[in-house]
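Overview (structure and organization)
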Amino acid sequence: SSDLGSYHYKSFYLYCRNLALNNVLPKGIAIGTHNGEFGEWVPLVIEDKIQSVLVEASEKQFNELYKNYSMKNNTTLLNTLITTDGSDVEFFEGGRGYTNTIVENVIRNWETE
């Protein structure tokens, strides 16, 4: 349920915040961050309570992510596509940029924006 998701987000936030209060900055990586408007990591990065690496493959979304988070002290931003074996792949984007994939049929058959 959505309450369970909220519970996990809150628990994660409180856990990381308490570590930060004890001068321990948790480390994390978020892959596919879009522009940084949503995700369990957002409040922690905004408050500099976590050492983070934020990865976004879409140049359009990354530019917005950069505007939103480039001033954060504990955050590294990467505009790259991560693959399991490091190989080059074709990257497809659809609609308003919320659907990004390496599987072309996802864009052709699912995206309707």
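Residues numbered from 1 in each chain as written. Predicted model: local features only at pLDDT ≥ 70, side-chain atom pairs only at ≥ 80, totals over all residues. Heavy atoms only, no water.

For helix 3 (residues 59-69), the full list of buried residues reads Q61, F62, L65 and Y69. Within helix 3, the buried residues cover an arc of 100 degrees as seen down the axis, which keeps them to one side. Turned more than 90 degrees from where helix 3 packs its buried face, E59, K60 and K67 sit exposed. Where helix 3 is buried, its residues contact helix 2 (42-46), strand 2 (51-55) and strand 3 (75-78). (Buried < 20%, exposed > 50% of the residue type's maximum accessible area, 1.4 Å probe, protein only. Helix = DSSP H or I, 4+ residues; strand = E, 2+ residues; numbered from the N terminus. Arc of directions from axis to C-beta. Contact = heavy atoms within 4.5 Å.)

Nonpolar side chains collect at one region of the surface, where I29, I31 and I82 lie side by side and expose about 310 Å² of accessible area between them. Positionally, I82 belongs in the loop between strand 3 and strand 4 (92-94). (Patch = residues over 30% accessible without salt bridge, like charges linked within 9 Å, V, L, I, M, F, W, Y side chains within 5 Å. Areas by Shrake-Rupley, 256 points an atom, 1.4 Å probe, with all protein chains shown as cover. Salt bridge = Lys/Arg side-chain N within 4 Å of Asp/Glu carboxyl O.)

Bringing the sheet that holds strand 3 into the picture now. Taken together, three strands build an open sheet; the order of strands is 1-2-3 and the sheet is parallel. Either end of the sheet is taken by a strand with one partner, and the two such strands are strand 1 (27-31) and strand 3. Along the sheet, successive strands turn relative to each other by an average axial angle of 15 degrees, direction set aside. Of the strand pairs in this sheet, strand 2 and strand 3 are connected by four bridges, and their pairing is parallel. Across the sheet, S52 pairs through a bridge with T75, a residue of strand 3. Of the strands in this sheet, strand 2 and strand 3 are in contact with helix 3, which crosses strand 3 at around 165 degrees. (Pairing = 2+ DSSP bridges. Axes fitted to C-alpha atoms, helices over the stretch in contact; angles between N-to-C directions.)

Note on placement: T75 falls in strand 3. Spatially, the C-alpha atoms of T75 and K27 are 9.9 Å apart, while their sequence positions differ by 48 residues. The contacts of T75, once residues within four sequence positions are left out, are V45, S52 and L54. At 3.1 Å, the side chain of T75 forms a polar contact with the side chain of S52. (Polar contact = N/O pair within 3.5 Å; in protein donor to acceptor, adjacent residues only side chain to side chain.)

To continue, consider the packing of aromatic side chains. Counted according to the given criterion, the structure contains two aromatic pairs. A ring pair is formed by W41 and Y69, whose centres lie 5.7 Å apart and whose planes are at 55 degrees; its orientation type is tilted. Taken together, the positions of W41 in the loop between strand 1 and helix 2 and Y69 in helix 3 put the pair 28 residues apart, joining distant regions of the chain. Judged on exposure class, the residue W41 and its partner Y69 are both buried. Seen in terms of ring centroids, F62 and Y66 are 6.5 Å apart; in terms of plane orientation they differ by 40 degrees. Their pairing is tilted. Taken together, the positions of F62 and Y66, both in helix 3 and four residues apart, correspond to about one turn of that helix. (Phe/Tyr/Trp six-rings, centres within 6.5 Å; stacked < 30°, edge-to-face > 60°.)

All right, on to the environment of E40 then. With respect to the secondary-structure elements, E40 resides in the loop between strand 1 and helix 2. Here the alpha-carbon distance between E40 and A30, two residues ten residues apart in the chain, equals 9.5 Å.

Note on placement: T33 falls in the loop between strand 1 and helix 2. Judged by relative accessible area, which is 4%, T33 ranks as buried. Residues in contact with T33, not counting those within four places in the same chain, are W41, L54, V55, E56 and L65.

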